[in-house]
Amino acid sequence: KKAQMQIPSGAHWSLCYSMLHNVSTSFSYVIHQLRTELRNPMCVFYLVLRALDTVEDDTSIPKEVKLPILTSFHRHIYDRDWHFSCGRDEFKVLMDQFHHVSSAFLQLEKCYQEVIKDITKRMGAGMAKFICQEVETTEDHIEYCYYVAGLLGFGLSKIFLASGLEVLTPDWEQLSNSMGLFLHKTHIIKDYLEDINEIPEPRKFWPRQIWSKYVAKLEDFKDEENSTKAVQCLNYMVTDAMMHIEDCFKYLAALRDPTVFRFCAIPQIMAIGTLSLCYDNVQVFRGVVKVRRGTTAKVMDGTKTMDDVYGAFYDFSCMLKAKVDEKDPNAMETLDRVEAVQKIC
Ligand code: PS7
Ligand code: MN
Ligand code: MN
Ligand code: MN
Ligand code: MN
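Quick caveat, the model's predicted, so the values are computed rather than measured.

As enumerated under the stated definition, the model contains 21 aromatic pairs in all. Relative to Trp82, the ring of Phe73 has its centre 5.3 Å away and its plane inclined at 80°; by these criteria the two rings are edge-to-face. Of the two residues examined, Phe73 and Trp82, each falls in the buried class. With a centroid separation of 5.4 Å and 75° between ring planes, the pair formed by Phe130 and Tyr144 is classed as edge-to-face.

Every protein donor of the manganese ion (ligand 4) is accounted for by His187 (NE2) and Asp191 (OD), and the metal-donor separations fall at 2.0 to 2.2 Å. The two metals, the manganese ion (ligand 4) and the manganese ion (ligand 2), are separated by 4.9 Å. On the accessibility criterion, His187 (33% relative accessible area) is partly exposed. By relative accessible area, Asp191 is classed as buried at 6%.

Close to ligand 1 lie 21 residues, the nearest being Asp53, Asp57, His184, His187 and Asp191. Residue Arg50 places a side-chain N or O atom 3.3 Å away from an oxygen atom belonging to ligand 1. For ligand 1, an oxygen atom lies 3.2 Å from a polar atom in the side chain of Asp57. Contact with the protein chains hides 91% of the accessible area of ligand 1, taken as 890 Å² for the molecule alone. Counting residues per element, the ones that place at least two in the shell around ligand 1 are helix H4 (36–57), helix H9 (138–163), helix H10 (172–190) and helix H15 (258–278).

By the definition in use, this model includes 16 salt bridges. Through salt bridges with shared partners, a single ionic network connects Glu56, Asp57 and Arg203.

This paragraph deals with the confidence of the model for the protein. Reading predicted coordinates in detail is not appropriate for stretches of low pLDDT. Considering every residue of the protein, the mean pLDDT works out to 96; 98% of them sit at 70 or more. Scored as a complex, the prediction yields pTM 0.97 and ipTM 0.95.

Around the manganese ion (ligand 3), the donor atoms from the protein are Asp53 (OD), Glu56 (OE) and Asp57 (OD), and they sit 2.1 to 2.2 Å away. In primary sequence terms, the donor set of the manganese ion (ligand 3) follows D-x2-E-D. Between the manganese ion (ligand 3) and the manganese ion (ligand 2), a separation of 3.4 Å is found, and both are coordinated by Asp53.

Here helix H8 (residues 110–132) spans 33 Å end to end across 23 residues, near enough to the 33 Å set by a 1.5 Å rise per residue. Residues of H8 that are buried: Tyr112, Gln113, Val115, Ile116, Ile119, Thr120, Met123, Gly124, Gly126, Met127, Ala128 and Phe130. Contact partners of the buried residues in H8: H4, helix H5 (63–76), helix H7 (98–106) and H9.

So, about the packing of helix H14 (residues 245–253) against helix H17 (residues 306–321). Packing of H14 against H17 brings their axes to within 10 Å, and their N-to-C directions diverge by 160°. In terms of orientation, H14 lies roughly antiparallel with respect to H17. Read as a crossing pair, H14 and H17 show a hand that is right-handed. Every residue of H17 that contacts H14 at Ile245, Phe249, Leu252 and Ala253 is listed here: Met306, Val309, Tyr310 and Phe313. Within the contact of H14 with H17, the residues separate by chemical class into 8 nonpolar, no polar and no charged.

Criteria and thresholds
Residues numbered from 1 in each chain as written. Chains lettered and ligands numbered in written order. Predicted model: local features only at pLDDT ≥ 70, side-chain atom pairs only at ≥ 80, totals over all residues. Heavy atoms only, no water. Phe/Tyr/Trp six-rings, centres within 6.5 Å; stacked < 30°, edge-to-face > 60°. Buried < 20%, exposed > 50% of the residue type's maximum accessible area, 1.4 Å probe, protein only. Donors = N, O, S within 2.8 Å, 3.2 Å for Na, K, Ca; no water. Near = heavy atom within 4 Å. Polar contact = N/O pair within 3.5 Å; in protein donor to acceptor, adjacent residues only side chain to side chain. Areas by Shrake-Rupley, 256 points an atom, 1.4 Å probe, with all protein chains shown as cover. Helix = DSSP H or I, 4+ residues; strand = E, 2+ residues; numbered from the N terminus. Salt bridge = Lys/Arg side-chain N within 4 Å of Asp/Glu carboxyl O. pLDDT = per-residue confidence, 0-100. Expected span 1.5 Å × (residues − 1). Contact = heavy atoms within 4.5 Å. Axes fitted to C-alpha atoms, helices over the stretch in contact; angles between N-to-C directions. Parallel < 35°, antiparallel > 145°, perpendicular 65-115°, else oblique. Left-handed = near helix turned anticlockwise from the far one by under 90°. Nonpolar A, V, L, I, M, F, W, Y, C, P; charged D, E, K, R; others polar.

Below, the structure written as structure tokens:
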């Protein structure tokens, strides 16, 4: 313990930034380009929630061990001596080196600590709730996405406001939630196979109320004989996620600081890119579906203004539109959504 106290504060930060890079290259990129006053809080916020998520995701931890960790995680971040090993690879490293995250957290200004603690507390409670129950209805699906992403959007907005860099519109709370929901609904679609193949237990985030119209068990989408049903359900899920785009535009259009703008806009463009790639794509049920590296690089480099956002959404929604087949049961609805988006662009 003595030795740990002697680590110079700069060492905690460089280890945090190196772990950030190892767990997410894309978030590492958008966090690095932020102004100094936001960069450190965002790095810590990311690592704290990523560690919380590593506990949530590890299906080998017994429920009675996992639940109290999730619901008291907001207290563990204040404790440099707290340690819990779980997860795999770079996530395991993060858990084993978590004292560096705590040390960095304790050096942040109080106002940032408060937001991070509050969101961690509420997200942990929400994750615990969904360890105990499955995603049955579309309301459950929205509620889960609210806990792991909508709440985060809310917390990020609070940090932007606290920094004095942003003012935001009166409806920022609802718009922040939509920003998170759009990202996370997309993520859940893309991660179908990764989640269902989780060992020792599958994870299921698609709402039963929707998939049960197509198959008897969510796993059935993996079978080749169910390809048509699987893709129809996938197309419905993609169309549903698109309903948040208008709110996302409103949120982004109100941002003033160019680095905050890029931080918020780049993940949203990656999401519409992912949706357009997933639409009508049976590969979602066969392997990994990911936006190409070259496309990612273009988005990272070429997103500076609202016009860039509209341009990217226009292009990706064209790619999606070109795949809509009139035989798809929800084709009309999908085309309506595409048109509504393109009208704004
Ligand atoms: C900008 C108003 C603090 C920047 C960014 C780690 C990513 C991991 O990857 O399926 O398959 O393991 O387990 C709104 C980020 C929503 C959250 C949720 C946008 C922290 C994206 C912990 C709000 C990101 C939310 C789990 C929970 O999915 O993932 C604005 C910063 C944003 C982290 C994300 C991820 C959830 C997640 P994987 P999972
Ligand atoms: Mn995860
Ligand atoms: Mn998770
Ligand atoms: Mn996932
Ligand atoms: Mn994943």
